[in-house]
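# Commentary on secondary and tertiary structure
Listed below, chain by chain, are the residues.
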Amino acid sequence: MKLTVLGCGRWGAFLASYHSAKNDVLLWGRPGSKSFAALQKERKNAYLALPSQLRLESELSAALEFAQVVVISISAQQLRDLARRIARFDLAGKTFILCMKGIEVQSGKRLTQVFCEEVKQPVGLAVWVGPGHVQDFSAGIPNCMVVDSANPATTDFIVEHLSSDLIRLYKGRDLIGTEVGAAAKNVIGIAAGMLDGAGYSSLKGALMARGAREIARLIRAMGGNELSAYGLCHLGDYEATLFSSHSHNRRFGESFIKGEPFDQLAEGASTVKALVRLGKEYGVDLPICRTVYGMLYEGRSAAEALPSLFSRTVKGEFDY
């Protein structure tokens, strides 16, 4: 099939390169983007070399016209602006796949909600999330991910056509849980990095257990299936986020505690603002999210905040 990838960061460039082995693929980058300029000049980035058959395009209209299946892989907080731009073109019948994780800070809305508010045309829409790093995939190390959509037929189509031995796709049937879980795991990843930076790495097991429980409560309150928190979108992504040296969110949390600069995108730093907002809106206690928020935005010290990372009213482990 013909496939367009919008976004030339490490994940977008990988997806475009990987799928170009069996499909006709075009990779779009924003004019003025340093990453895209480097790809145009060198045909490679820090993670991979672009295959010769992969097309590069900076004109958005041409990129959208090229294919019926469009993957979007950009920063979550930039989605609304891009959706507004692409809504000016004829999109009817196309299928859009959001390969990104986050919740819009200003509205507290899931990414599919943001997209649908801006794109009113009859299109297919899905999310593709779960564990896996470009470095591992590029080295041939396989993993499992999940695709979800409000329309099961869209999920089935994507899984049927884009699953492979390297990236095994599973079918999600809980869009709320899949989106919230995927976004929230980046916040838990920052918390893990903070524990690493403070020398409390042995607490990451407890963080995994309590983090999944915390997000399960939020998913349930928002109308999703709490079991999604224990699937590929969230708990299944913990190893890649809480322990991996490749994880931007974990490294960001560790650097924050150590007072070191970190210049890579860590989506969890924005997402935690939205999760704290959602916790208040739905009346759900989110102690881990609140602790990360307090340290990032309220000036709480590690010595003050980290001991309260798992604080809740003392109840049974699985009580609400």
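The sections below set out a description of the structure shown in this document. As the structure is a computational prediction, the values presented were derived from the model and not from experiment. (Residues numbered from 1 in each chain as written. Predicted model: local features only at pLDDT ≥ 70, side-chain atom pairs only at ≥ 80, totals over all residues. Heavy atoms only, no water.)

### Some remarks on the layout of surface pockets
- Here the largest pocket defines a volume of roughly 1300 Å³.
- Along the walls of the largest pocket sit 48 residues, with Gly9, Arg10, Trp11, Ile74 and Leu265 positioned nearest its centre.
- When residues of the lining of the largest pocket are traced back to their parent elements, those giving at least two are α1 (10-19), α2 (34-42), α4 (79-86), β6 (124-129), α8 (175-198), α10 (238-243) and α11 (248-258).
- Element by element, the count of residues in the lining of the largest pocket is highest for α2, at 4 residues.
- When grouped by side-chain class, the residues that make up the lining of the largest pocket number 18 nonpolar, 19 polar and 11 charged.
- If you add up the space inside the second largest pocket, you get close to 160 Å³.
- If you go around the second largest pocket, the residues you meet are Tyr18, His19, Ala21, Lys22, Asn23, His161, Leu162, Ser163 and Ser164.
- The set of elements that each furnish at least two residues to the lining of the second largest pocket consists of α1 and α7 (152-162).
- Of the residues contributing to the lining of the second largest pocket, the split by class is 3 nonpolar, 5 polar and 1 charged. (1 Å grid on protein atoms, 1.4 Å probe; cavity = no way out; pocket = protein on both sides within 12 Å on 5 of 7 lines; lining within 4 Å. Points joined across faces, edges and corners; volume = space filled by probe spheres on them. Helix = DSSP H or I, 4+ residues; strand = E, 2+ residues; numbered from the N terminus. Nonpolar A, V, L, I, M, F, W, Y, C, P; charged D, E, K, R; others polar.)

### Looking at the pairing of β6
- The buried fraction of β6 is high, at 6 of 6 residues.
- With 4 bridges joining them, strand β5 (residues 95-98) and β6 adopt parallel strand pairing. Its bridge partner lying in β6, Leu98 is registered against Val127.
- The β-α-β motif built from β5, the intervening helix α5 (residues 111-118) and the parallel element β6 has right-handed crossover chirality.
- Two elements, β6 and strand β7 (residues 143-148), share 3 bridges in a ladder whose sense is antiparallel. Within β7, the residue paired with Trp128 across the bridge is Val147. (Buried < 20%, exposed > 50% of the residue type's maximum accessible area, 1.4 Å probe, protein only. Pairing = 2+ DSSP bridges. Right-handed = clockwise from strand over helix to strand, strands pointing away.)

### Regarding the nonpolar core
- One finds Leu207, Leu218, Leu275, Cys289 and Val292 to be the most contacted residues of the largest nonpolar core, which totals 40 residues.
- Every element with two or more residues in this core is listed here: α8, α9 (204-221), α10, α12 (268-282) and α13 (287-297).
- A per-element tally of this core places α8 first, with 11 residues.
- The residues touching Leu207, leaving out its near neighbours within four places in the chain, are Ile188, Ala191, Ala192, Leu195, Ala212, Leu242, Ile288, Leu309 and Phe310.
- Core analysis: the next-biggest nonpolar cluster, separate from the first, contains 31 residues, Ala16, Leu39, Cys99 and Val159 among them. (Core = buried A, V, L, I, M, F, W, Y, C linked by side-chain atoms within 4.5 Å. Contact = heavy atoms within 4.5 Å.)

### Quick look at the packing of α8 against α11
- Where α8 contacts α11, the two axes come as close as 6 Å, and the packing angle between them is 40°. Compared by their axis directions, α8 and α11 come out oblique. The handedness of the crossing between α8 and α11 comes out as right-handed. Across from Asn186, Gly189, Ile190, Ala192, Gly193, Met194, Asp196, Gly197 and Ala198 in α8, the residues of α11 making contact are Asn249, Arg250, Phe252, Gly253, Glu254, Phe256, Ile257 and Lys258.
- The class makeup of the residues in the contact of α8 with α11 is 7 nonpolar, 6 polar and 4 charged. (Axes fitted to C-alpha atoms, helices over the stretch in contact; angles between N-to-C directions. Parallel < 35°, antiparallel > 145°, perpendicular 65-115°, else oblique. Left-handed = near helix turned anticlockwise from the far one by under 90°.)

### What about the environment of Arg168?
- Tracing the backbone shows Arg168 in strand β8 (residues 167-171).
- For Arg168, a relative accessible area of 44% translates into the label partly exposed.
- Linking Arg168 and Pro142, residues 26 residues apart in sequence, is a C-alpha distance of 7.7 Å.

### Section: α13
- Counting buried residues in α13 gives 8 out of 11 residues, a clear majority hidden from the surface.
- Taken residue by residue, α13 has Pro287, Ile288, Cys289, Thr291, Val292, Gly294, Met295 and Leu296 as its buried positions.
- Those residues of α13 that are buried are in contact with α8, α9, α11, α12 and α14 (302-305).
- Where α13 ends, the next residue or the one after it, Gly299, has phi of about 75°, a positive value.

### Comments concerning the pattern of salt bridges
- The full count for this structure, using the stated rule, is 19 salt bridges.
- Notably, a salt bridge pairs Arg173 with Asp156, separated by 2.9 Å at the nearest N-O pair. Placement of the pair is Arg173 in the loop between β8 and α8 and Asp156 in helix α7, with a sequence separation of 17 residues.
- The class of Arg173 is exposed, set by a relative accessible area of 51%.
- Under the relative-accessibility criterion, Asp156 is labelled partly exposed at 25%.
- Note that Asp196 is salt-bridged to Lys204, the shortest N-O span being 3.0 Å. Neither Asp196 nor Lys204 differs from the other in exposure class; each is buried.
- The structure contains a network of salt bridges with shared partners spanning Arg80, Arg84, Glu104, Lys109, Glu117 and Glu118. (Salt bridge = Lys/Arg side-chain N within 4 Å of Asp/Glu carboxyl O.)

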